[in-house]
Amino acid sequence: LGYSMEETMGKNFVQNFIQPEDRKSVHNVLRQALTGQETANYELPLISKHGKRYTVLLNATPRRDGKGQVMGVVGVGQDITELDKVMGESKRVADDL
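Residues numbered from 1 in each chain as written. Predicted model: local features only at pLDDT ≥ 70, side-chain atom pairs only at ≥ 80, totals over all residues. Heavy atoms only, no water.

**Digging into the pattern of salt bridges**
Opposite charge on two side chains allows them to pair when their charged atoms are near.
Phase 1 of the analysis: Across all of its chains, the model carries three salt bridges by this definition.
Phase 2 of the analysis: In this structure, lysine 49 and glutamate 7 form a salt bridge, with 2.8 Å as the shortest nitrogen-oxygen distance. Residue lysine 49 is located in the loop between strand E1 (39-47) and strand E2 (53-64), and its partner glutamate 7 is located in helix H1 (residues 5-8); the two are separated by 42 residues in the primary sequence.
Phase 3 of the analysis: The exposure class assigned to lysine 49 is partly exposed, which follows from its relative accessible area of 39%.
Phase 4 of the analysis: Of the charged contacts, one joins lysine 91 and aspartate 95 as a salt bridge, the two residues approaching to 3.0 Å between their closest N and O atoms. Taken together, the positions of lysine 91 and aspartate 95, both in helix H4 (residues 81-96) and four residues apart, correspond to about one turn of that helix. Just as lysine 91 is exposed, aspartate 95 falls in that class too. (Salt bridge = Lys/Arg side-chain N within 4 Å of Asp/Glu carboxyl O. Helix = DSSP H or I, 4+ residues; strand = E, 2+ residues; numbered from the N terminus. Buried < 20%, exposed > 50% of the residue type's maximum accessible area, 1.4 Å probe, protein only.)

**A closer look at the nonpolar core**
Phase 1 of the analysis: The biggest cluster of nonpolar side chains holds 11 residues, and these are Val14, Ile18, Val26, Val29, Ala33, Tyr42, Leu44, Leu46, Val56, Leu58 and Ala60.
Phase 2 of the analysis: For this core, the secondary-structure elements that each account for two or more residues are helix H3 (23-34), E1 and E2.
Phase 3 of the analysis: If sequence neighbours within four positions are ignored, leucine 46 has contacts with Leu1, Phe17, Ile18, Lys52, Arg53, Tyr54 and Val56. (Core = buried A, V, L, I, M, F, W, Y, C linked by side-chain atoms within 4.5 Å. Contact = heavy atoms within 4.5 Å.)

**So, the packing of aromatic side chains**
Phase 1 of the analysis: Evaluation of the coordinates by the stated rule reveals two aromatic pairs.
Phase 2 of the analysis: A ring pair is formed by tyrosine 3 and phenylalanine 17, whose centres lie 5.0 Å apart and whose planes are at 80°; its orientation type is edge-to-face. Pair noted here: tyrosine 3 is in the segment before H1 and phenylalanine 17 is in helix H2 (residues 13-17), with a separation of 14 residues, a long-range link.
Phase 3 of the analysis: Taking the relative accessible area as the measure of exposure, tyrosine 3 reaches 31% and is therefore partly exposed.
Phase 4 of the analysis: Taken together, the ring pairs connect Tyr3, Phe13 and Phe17 into an aromatic cluster. (Phe/Tyr/Trp six-rings, centres within 6.5 Å; stacked < 30°, edge-to-face > 60°.)

**Details of the layout of surface pockets**
Phase 1 of the analysis: Taken as a whole, the largest pocket encloses approximately 180 Å³ of empty space.
Phase 2 of the analysis: Taken together, Phe13, Leu30, Leu44, Leu46, Val56, Leu58, Gly75, Val76 and Gly77 make up the lining of the largest pocket.
Phase 3 of the analysis: Listed by contribution, the elements that provide at least two residues to the lining of the largest pocket are E1, E2 and strand E3 (70-79).
Phase 4 of the analysis: Top element by residues in the lining of the largest pocket is E3. It accounts for three residues. (1 Å grid on protein atoms, 1.4 Å probe; cavity = no way out; pocket = protein on both sides within 12 Å on 5 of 7 lines; lining within 4 Å. Points joined across faces, edges and corners; volume = space filled by probe spheres on them.)

**Overview of the sheet that holds E2**
Phase 1 of the analysis: The three strands lie next to each other as E1-E2-E3, forming an open sheet whose pairing is antiparallel. Lying at the two open borders of the sheet, with one neighbouring strand each, are E1 and E3. Within the sheet, the average angular offset between the axes of one strand and its neighbour, ignoring direction, is 35°.
Phase 2 of the analysis: Relative to E3, E2 runs antiparallel, the two being bridged by nine bridges. If you follow proline 62 over to E3, its bridge partner there is valine 73.
Phase 3 of the analysis: On the sheet, H4 packs against E1, E2 and E3 and is oriented at approximately 125° with respect to E2. (Pairing = 2+ DSSP bridges. Axes fitted to C-alpha atoms, helices over the stretch in contact; angles between N-to-C directions.)

In structure tokens:
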């Protein structure tokens, strides 16, 4: 997204990198992971440092210690921006038929 490590380390992900209208739902996904619930395939819009919009497919999984206690969250995001565009165009073409 164009941010350096220095610009992101130690920053609150939700407050600093999520659009205001999406903060509550993203916060809930991360909170659920901290309580032991995995979230898979959550579509999340992100805006780059330079204002470009991306669509990311997020998976949030609890990170557990040797005793099974939740110690944090592992989040993996996949950029699906182009796939999202292609799917939207396919739907428009199908609707026109």
